[in-house]
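So you can see what is in the structure, the chains are spelled out below.
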Amino acid sequence: CDPLAPGLYVKRLIGGGFENAYELNRNFRNEGISYKHNPEFTMLEFYCAYMDVEGMMDFCEELIVSVIKKVHGNLIVPISHMKERGPNIDFNKPWRRLSMKQAILESGMIERFAEFEGPKIDATWLDDAERLDQLVRFYEAMRGFTKDRDLTLLTPEMIKSAWSGVVSAQSL
């Protein structure tokens, strides 16, 4: 098994006629050295031949719920170090499901971008594929400026520089 791309073998099984295939594996991602980052981790990767996105969400929800029940004995898990979220996380079903557009809008990311100089980014960008691509590249460029990936630490100068990098790359 390739520790950098384990899913390729599982995909071959689906292509070969298996309806369901999974692999529990060790992965390695060298994304920099940090005391907050371990480049080696365990991952479950699975594929189901005839399952749509709703079926995959149902499957993931059931898988996670069954593991939490087995580990904790119930579906309400205390999280003492996350005081802003409250004392517990409730994993009882049904879970809230959002489209990517809803998640972006609710994250406050669009409002954060609107605070700075540059193009006026608003919710209409999420409906235009070309502008959405620019937005994603802009977001990734901004993440490059922050060591801890905390976008609240960005200055207006950093954001302006990130945007100019996206615009200049697009004109090539």
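Residues numbered from 1 in each chain as written. Predicted model: local features only at pLDDT ≥ 70, side-chain atom pairs only at ≥ 80, totals over all residues. Heavy atoms only, no water.

**Q** Just give me the short version of the overall build of the protein chain, but keep the residues and values in it.
**A** A count of helices and strands for the protein chain gives six helices and four strands. Going from the N terminus to the C terminus, the protein chain shows its helices and strands as α-β-β-α-β-β-α-α-α-α. Across the 172 residues in the protein chain, those meeting the buried criterion constitute 22%. Summarising the internal contacts of the protein chain: among those between residues at least 6 apart in sequence, 38% fall at separations of at least 24. Element-wise, carbon and sulfur atoms account for 58% of the exposed surface of the protein chain, whose accessible area totals about 12500 Å². (Helix = DSSP H or I, 4+ residues; strand = E, 2+ residues; numbered from the N terminus. Buried < 20%, exposed > 50% of the residue type's maximum accessible area, 1.4 Å probe, protein only. Contact = heavy atoms within 4.5 Å. Areas by Shrake-Rupley, 256 points an atom, 1.4 Å probe, with all protein chains shown as cover.)

**Q** Could you give an account of the pattern of salt bridges, naming the residues involved and the relevant values?
**A** All told, the structure shown has seven salt bridges when counted by the stated rule. Where Arg26 meets Glu40, a salt bridge forms, and the shortest distance between an N and an O atom there is 3.2 Å. Residue Arg26 is found in strand β1 (residues 20–28), and its partner Glu40 is found in strand β2 (residues 40–48); the two are separated by 14 residues along the sequence. For Arg26, a relative accessible area of 45% translates into the label partly exposed. Measuring nitrogen to oxygen at the nearest pair gives 2.7 Å for the salt bridge that ties Arg97 to Asp58. Taken as a pair, Arg97 in the loop between β4 (88–90) and α3 (100–107) and Asp58 in helix α2 (residues 53–72) lie far apart in primary sequence, 39 residues in all. With a relative accessible area of 30%, Arg97 lands in the partly exposed category. Each of the salt bridges in this network shares a partner with another, and the network as a whole consists of Glu54, Asp58, Glu61 and Arg97. (Salt bridge = Lys/Arg side-chain N within 4 Å of Asp/Glu carboxyl O.)

**Q** Pulling in residues and values, what's your account of the nonpolar core?
**A** With eleven residues, the main nonpolar core is built from Ile104, Met109, Ile110, Ile121, Trp125, Leu126, Leu135, Phe138, Ile159, Ala162 and Trp163. At three residues, the largest contribution of residues to this core is made by helix α6 (residues 156–170). The next biggest cluster of nonpolar side chains, apart from the first, holds five residues, and it includes Val65, Ile68, Leu75 and Val77. (Core = buried A, V, L, I, M, F, W, Y, C linked by side-chain atoms within 4.5 Å.)

**Q** An account of the pairing of β1 is requested, with residue identities and associated values reported.
**A** Regular strands show a simple pattern: their side chains alternate between the two faces of the sheet. Only one face of β1 is buried, namely the one carrying Ala21, Glu23, Asn25 and Asn27, since none of Asn20, Tyr22, Leu24, Arg26 and Phe28 on the opposite face is buried. Pairing between β1 and β2: nine bridges, direction antiparallel. Bridge pairing in β2 links Ala21 to Tyr47. (Pairing = 2+ DSSP bridges.)

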